[in-house]
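Inside the fold
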Amino acid sequence: MSGRRALDEAKKGSAEIVILAIVDDESHHGYEIAKLIEERTGGSLRFTLASLYATLYRLEDRGWIKGRWVEKAGQRRRCYYRITDAGRRVLVEQRADWSRFVAALAQVAGVKYA
């Protein structure tokens, strides 16, 4: 499997934790979430808006985030998403799971972190 393909597969499994982590700090609208993910990962992770919004809707259906429509003068209406208490609990669990997964992968693959 190529490095790019492996990264794409990992991205599919990481969408929820990445989005929850972004909205854990403060509310953001979808396009802003996409840009923050790209910026914070140095361009390594990019989501199409279609897949991003599908994940946002799924997280909202689960009660892990809450959307709120905001209208600002001179701008179009946007939905800002924030994490809920249930979402914070899930984020704590997912961070622990990912930490164990990355540590195990690094151990098997022989990757060392400074």
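Model, not experiment: these values are computed from the prediction.

**So, a positive patch on the surface**
Among the surface-exposed residues, Lys66, Arg68, Lys72 and Arg82 lie close enough to one another that they form a single positively charged patch. With respect to the helices, strands and loops of the structure, Lys66 is situated in strand E2 (residues 65-70).

**A word on the confidence of the model for the protein**
Summary statistics for the protein give a mean pLDDT of 88 and a share of 88% for residues scoring 70 or more. By mean pLDDT, the top-scoring element of the protein is strand E3 (residues 78-83) (97), and the lowest-scoring one is helix H1 (residues 3-25) (77).

**Section: the nonpolar core**
Leu20, Ile33, Ile37 and Leu52 are the most contacted members of the largest nonpolar core, which has 23 residues in total. Among the elements of the structure, H1, helix H2 (30-40), helix H3 (49-61), E3 and helix H4 (85-109) are those that each provide at least two residues to this core. Per-element accounting of this core gives the leading share, 7 residues, to H1. Look past the residues within four positions of Leu20 in its chain and what remains in contact with it is Leu59, Trp64, Ile65, Ile83, Gly87, Val90, Leu91 and Gln94.

**As for a nonpolar patch on the surface**
A contiguous nonpolar patch, built from Phe101, Val102, Leu105, Val111 and Tyr113 and spanning about 510 Å² of accessible area, is present on the exposed surface. As for its placement among the helices and strands, Tyr113 is situated in the segment after H4. In this structure Tyr113 comes out as exposed when scored by relative accessible area, which is 63%.

Thresholds applied
Residues numbered from 1 in each chain as written. Predicted model: local features only at pLDDT ≥ 70, side-chain atom pairs only at ≥ 80, totals over all residues. Heavy atoms only, no water. Patch = residues over 30% accessible without salt bridge, like charges linked within 9 Å, V, L, I, M, F, W, Y side chains within 5 Å. Areas by Shrake-Rupley, 256 points an atom, 1.4 Å probe, with all protein chains shown as cover. Salt bridge = Lys/Arg side-chain N within 4 Å of Asp/Glu carboxyl O. Lys, Arg positive; Asp, Glu negative; His and termini not counted. Charge placed at Lys NZ, Arg CZ, Asp CG, Glu CD. Helix = DSSP H or I, 4+ residues; strand = E, 2+ residues; numbered from the N terminus. pLDDT = per-residue confidence, 0-100. Core = buried A, V, L, I, M, F, W, Y, C linked by side-chain atoms within 4.5 Å. Buried < 20%, exposed > 50% of the residue type's maximum accessible area, 1.4 Å probe, protein only. Contact = heavy atoms within 4.5 Å.

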